[in-house]
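Per-entry structural report
Residues per chain are reported as follows:
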Amino acid sequence: MEQKFLKFTLGIFGILSTFAFDASAQSSSLGSKHWTLISLNGRPVGNSKAYVEFDTVSSRFSGNAGCNRMFGSVRASARQIAFSGVATTKIMCANDGAMNIESLFVSALSKTNRYKINKNLLSLVSGNRTLARFAAAPKEPTGTAVKLEDRKWTLESVGDRPAGSVGSLATLIFSPDRGSVGGDTSCNSYGGNYTVKGNTIRIVHTVSTMRACIEDERMQIERSFLNGIQDADTYKIEGNKLFVYKGRSLLLTFLEATKE
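The sections below set out a description of the structure shown in this document. As the structure is a computational prediction, the values presented were derived from the model and not from experiment.

1. Notes on the pairing of strand E7 (residues 114-118)
A one-sided burial pattern is seen for E7, the buried positions being Tyr115 and Ile117 and the unburied ones Arg114, Lys116 and Asn118. Of the pairings in the sheet, the one linking E7 to strand E8 (residues 121-126) comprises 5 bridges and is antiparallel in character. Of the residues in E8, the one forming a bridge with Asn118 is Leu121. Two successive antiparallel strands, E7 and E8, enclose a turn made up of 2 residues, where Lys119 displays a positive phi of approximately 60°.

2. Observations regarding the packing of aromatic side chains
What the rule picks out here adds up to 6 aromatic pairs. Measuring from ring centre to ring centre gives 6.1 Å for Phe54 and Phe83, while their planes differ by 45°; the resulting arrangement is tilted. On the criterion of sequence distance, the pair formed by Phe54 in strand E3 (residues 51-55) and Phe83 in strand E6 (residues 80-88) is long-range, its members being 29 residues apart. A relative accessible area of 10% means that Phe83 is categorised as buried. On the basis of an interplanar angle of 75° and a centroid distance of 5.4 Å, the ring pair of Tyr190 and Phe225 is categorised as edge-to-face. Here Tyr190, found in strand E14 (residues 189-197), pairs with Phe225, found in helix H4 (residues 218-231); they are 35 residues apart in sequence, far enough to count as distant. With a relative accessible area of 0%, Phe225 lands in the buried category.

3. As for the environment of Gly31
Relative to the elements of secondary structure, Gly31 occurs in helix H1 (residues 2-31). Classification of Gly31 as buried rests on a relative accessible area of 17%. Separated by 29 residues in sequence, Gly31 and Arg60 place their C-alpha atoms 10.0 Å apart.

The rules behind the values
Chains are numbered independently. Their residues run from 1 in the order of the written sequence. Only residues with pLDDT of 70 or above have their local features reported here, since the model is predicted, and side-chain atom pairs are shown and tallied only from 80 upward, although totals for entire chains, interfaces and linings are computed over all residues. By convention in this description, side-chain values take in all heavy atoms of the structure and omit both hydrogens and water. When a residue's accessible area, from a 1.4 Å probe over protein chains only, is under 20% of the maximum for its type it is buried; when over 50% it is exposed; and in between it is partly exposed. Each helix corresponds to a stretch of at least 4 residues labelled H or I by DSSP, and each strand to a stretch of at least 2 residues labelled E; elements are numbered beginning at the N terminus. Pairing between two strands is assigned when DSSP locates at least 2 bridges connecting them. Aromatic rings from Phe, Tyr and Trp, taking only the six-membered ring of Trp, are treated as a pair when their centres fall within 6.5 Å; an angle between ring planes under 30 degrees marks them as stacked, one over 60 as edge-to-face, and anything in between as tilted.

Honestly, it's all geometry; don't read function into it.
As structure tokens, then:
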């Protein structure tokens, strides 16, 4: 009797262990791939730029919605998943098809509550309905990624608001040998110190020149820029862009440029 009970217990333990391993593998696979959108609501999207990537450590996602950059928070456990704070940049694309895909894609994310991974296919599901499907490709190896100090970074947006041509004058330039950061606020020159550990960042002791720029929105951009870099606690580099966060809130987005 005891032997039968032991076999039964071991069998249950084995089933639970297999389920836990499968759930862990699913979550691991979710964050290790570049997921290209191939269909929405069962219909192929054709040659779309839409994709999504997951950072399961910081519980964030980013990608392209078909026309605009998108980002937000994501919680995934076992086969359950929930997207929140989904935001996109606000560029209008001339291609109506791309804008339509974008609208459907963002809507699908907000409705998703489950996901499935079958080899190199990811499905986002609500109830019994598949809302979106993706094909996988490996993420670019981190060894080839651009580093903070490799480039001059020019401001692209504050939160989800484009910085415009004046905002693009605001820059970040990192000097790791001195632990210093500096550049232009779009109005004044500034400098400070920074520390980085993993994907965390702190920029402190910032000082700037005191010129008043009253001819356009430079002073407003300067305030948002300086507040953003001083509030920052994490960052991520994806492709040719630097994203600066406070917690899960996106503060600033920068485009890379070659150092002079």
